Amino acid sequence: MGISDKRLKELAARSDSQIDYSEIPELDASFWKNARLAEPDRTQPVTLRVKRSVLEAYKAQGKGYQTVMNAVLESYARTLPKPD
């Protein structure tokens, strides 16, 4: 998934004058007045015990299996009630 290396090279070769910005609105002073810094939600290394069958199923999906596992856990975590 994502953009191929070939497409990235094609895009990088374009000059700014070849980019159509007509559908992108200008960011005026009110945008910047209300803008807030958003820190990325970093991952943290942990030791986690999972069943071998679970790990093997994710690993069988190939590169990025840990990212997929994290996405599944994050998706579930969002369904949990917020602590008071």
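My aim in this report is to walk through the structure given alongside it, one point at a time.

About the criteria used
Counting restarts for each chain, with residues numbered from 1 along the sequence as it is written. The predicted origin of the model limits local features to residues at a pLDDT of at least 70 and limits the giving and counting of side-chain atom pairs to 80 or more, whereas totals for whole chains, interfaces and linings rest on all residues. Calculation of side-chain values draws on the structure's entire complement of heavy atoms; hydrogens and water are dropped beforehand. Where helices and strands are cited, they refer to DSSP runs of H or I of at least four residues and of E of at least two residues respectively, numbered from the N terminus. Residue burial considers only the protein chains on display, and all accessible areas are found by Shrake-Rupley using a 1.4 Å probe. Counted as positive: Lys and Arg. Counted as negative: Asp and Glu. His and the chain ends are not counted at all. We put the charge of a Lys on NZ, of an Arg on CZ, of an Asp on CG and of a Glu on CD. Note that patches include only residues with greater than 30% relative accessible area and no salt bridge, and the join distances are 9 Å for like charges and 5 Å for nonpolar side chains (Val, Leu, Ile, Met, Phe, Trp, Tyr). We define a salt bridge as a contact between a side-chain nitrogen of Lys or Arg and a carboxyl oxygen of Asp or Glu at a distance within 4 Å. To get an axis, a line is fitted to the C-alpha atoms, and for a helix only the part in contact is used. The angle between two axes follows their N-to-C directions and goes from 0 to 180 degrees. Here is the rule for handedness: rotate from the far helix to the near one, and if that takes an anticlockwise turn smaller than a right angle the crossing is left-handed, while a clockwise turn gives right-handed. Contact definition: two residues touch when any of their heavy atoms are within 4.5 Å. Under this grouping Gly is polar, as are all residues other than the nonpolar Ala, Val, Leu, Ile, Met, Phe, Trp, Tyr, Cys and Pro and the charged Asp, Glu, Lys and Arg.

1. Digging into the overall build of the protein
If you tally the helices and strands in the protein, you get four helices and zero strands. Secondary structure elements of the protein, listed N to C terminal, follow the sequence α-α-α-α. Along the first, second and third principal axes, the C-alpha set of the protein runs to 55 × 45 × 20 Å. Of the roughly 9,000 Å² of accessible surface on the protein, 55% is carried by carbon and sulfur atoms. Averaged over its 14 positive side-chain charges, the protein has a centre that lies 11 Å from the centre of its 12 negative ones.

2. Description of a nonpolar patch on the surface
A contiguous nonpolar patch, built from Val 46, Leu 48, Val 50, Val 54 and Leu 73 and spanning about 440 Å² of accessible area, is present on the exposed surface. Among the structural elements, Leu 48 can be located in the loop between helix 2 (29-34) and helix 3 (52-59).

3. Some words on the environment of Glu 26
Within the secondary structure layout, Glu 26 lies in the loop between helix 1 (5-13) and helix 2. Separated by 17 residues in sequence, Glu 26 and Thr 43 place their C-alpha atoms 33 Å apart.

4. Some details on the packing of helix 3 against helix 4 (residues 65-77)
Helix 4 packs onto helix 3 with a crossing angle of 120° between their chain directions and a minimal axis gap of 8 Å. Seen along the crossing, helix 3 lies across helix 4 with a hand that is right-handed. Taken together, the residues of helix 4 that come into contact with helix 3 (itself represented by Leu 55, Tyr 58 and Lys 59) are Tyr 65, Val 68, Met 69 and Val 72. The residue inventory of the contact of helix 3 with helix 4, partitioned by class, reads six nonpolar, no polar and one charged.

5. A word on the environment of Pro 25
By the element assignment, Pro 25 lies in the loop between helix 1 and helix 2. The sequence separation of Pro 25 and Leu 8 amounts to 17 residues, and the corresponding C-alpha distance is 24 Å.

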